[in-house]
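Fold and contact review
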Amino acid sequence: MITEIAPAATPAVTEPVRPGRRRRAWDEVPRWQIYLPLGIYLLFTLIPFYWILLFAVRPAGSTSLVPWPVTSDHFQKVWTERSFGTYFTNSVYVGTATLVLTTVVALAGGYALARFDFRLRRGFMLALLCSQFVPGALLLVPLFQIFAGLRMINSLGSVVIAETVFQLPLSMILISGFIRNVPYSLEEAAWVDGCNRLTGFRIVVLPLLRPGLIAVGSFAFVHAWNHFLFALMFLSDQSKQTIPVGLNTLMSADSVDLGALAAGGIIAAVPVVIVFAFIQKWLITGFSAGAVKG
């Protein structure tokens, strides 16, 4: 029996899509549907900042919505009379020391987690993750007892150590994820060339970790700069307090000096804004690369 074979269907001829004519999802959405929500969000975001700037630069007692005439009396008041120059110096010291200490310890611990396979490695990683669910307030009593035993109460070193302990778990996880993205063969090649592990790490791996180190260091600096609880509990001398505690002193039970408070808030925000403006691209690259396993 002979079965007739049906002719194969002729494939439909489609016009090749030119690169310039390719349609994207972005082109199919009206632009106003994108820009309108973004504009509303930007408006609600910038209004509080404008309000703070308005109170900081307009004269006391003025109700104008336009900051004119501009005055710097509030900045001079908080910087000299309210000791914000001292608070600023203390915050710079705490933030910088926390940045350096957190980065160094997290780099060593992250390298061990990424390159060595030991028995309790998974349990240690789980403990690091679980520690992120512990509020900082629960650490106050044990840390205060430890620092009291070491006679470190009312010392900036106690705040630096507390901030470093609080930042280390997340920093180690990020650094270890970033190191996993560096091929292990690069270190092996350095060992073949005569380098030991430390020298190979310093020459080959460390330059590739720059985005991750910048991300971890900046995150530690900003958190230490803005953190209020540790500085309030461990520092009793006014000459050793930081900017968040200094802002709290501008508010009393009876009245609040809005101009001075706004000026102090701008002084506290400017360094953080400058830091993020310079390291934005490194910060995004570092967090995205350290959050995934290579």
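Residues numbered from 1 in each chain as written. Predicted model: local features only at pLDDT ≥ 70, side-chain atom pairs only at ≥ 80, totals over all residues. Heavy atoms only, no water.

1. Comments concerning a nonpolar patch on the surface
Test applied: Residues forming no salt bridge and having over 30% relative accessible area are the ones grouped into patches, like charges within 9 Å of each other and nonpolar side chains (Val, Leu, Ile, Met, Phe, Trp, Tyr) within 5 Å. Only the protein chains shown count as cover for residues, with accessible areas throughout obtained via the Shrake-Rupley method and a probe of 1.4 Å. The salt bridge criterion pairs a side-chain nitrogen of Lys or Arg with a carboxyl oxygen of Asp or Glu, the two atoms within 4 Å. Under the DSSP-based scheme used, a helix requires at least four consecutive residues in state H or I and a strand at least two consecutive residues in state E, with every element numbered from the N terminus.
Judged by side-chain polarity, Trp32, Leu36, Ile40, Leu43, Phe44 and Ile47 come together as a nonpolar surface patch covering roughly 680 Å² of accessible area. Looking at where leucine 36 falls in the secondary structure, it is placed in helix α2 (residues 31-57).

2. A word on the pattern of salt bridges
This is how it is decided: Classification of residues uses two cut-offs on accessible area relative to the type maximum, computed with a 1.4 Å probe and protein chains only: under 20% is buried, over 50% is exposed, and between them is partly exposed.
Summed over all chains, the structure comprises one salt bridge. The partner of arginine 115 in a salt bridge is glutamate 187, and the shortest N-O contact between them spans 2.6 Å. Of this pair, arginine 115 sits in helix α4 (residues 84-115) while glutamate 187 is found in helix α8 (residues 184-192), placing the two residues 72 residues apart along the sequence. Taken individually, arginine 115 and glutamate 187 each receive the classification buried, so the pair is uniform in this respect.

3. Quick look at unusual backbone geometry
With a phi angle near 60 degrees, arginine 151 is a residue other than glycine that sits in the positive phi range. With respect to the element layout, arginine 151 can be found in the loop between α6 (140-149) and α7 (156-180). Relative accessible area serves as the criterion here: at 79%, arginine 151 is assigned to the exposed category. The phi torsion at asparagine 154 lies on the positive side, around 65 degrees, for a residue other than glycine. For asparagine 154, the position within the fold is in the loop between α6 and α7.

4. Examining the confidence of the model for the protein
Convention followed: The predictor reports its confidence for every residue as pLDDT, a score running from 0 up to 100. Here, two residues are considered to be in contact whenever any of their heavy atoms come within 4.5 Å of each other.
Across the protein, the average pLDDT comes to 80, with 86% of residues at 70 or higher. Looking across the protein, the model is least confident in helix α1 (residues 25-28), with a mean pLDDT of 59, and most confident in α4, with 90. Low pLDDT, under 50, characterises residues 1-8; the stretch is placed with zero contacts to residues that sit more than four places away or in other chains. Across residues 290-294, confidence stays below pLDDT 50; counting only partners more than four residues off in sequence or on other chains, it has 11 contacts.

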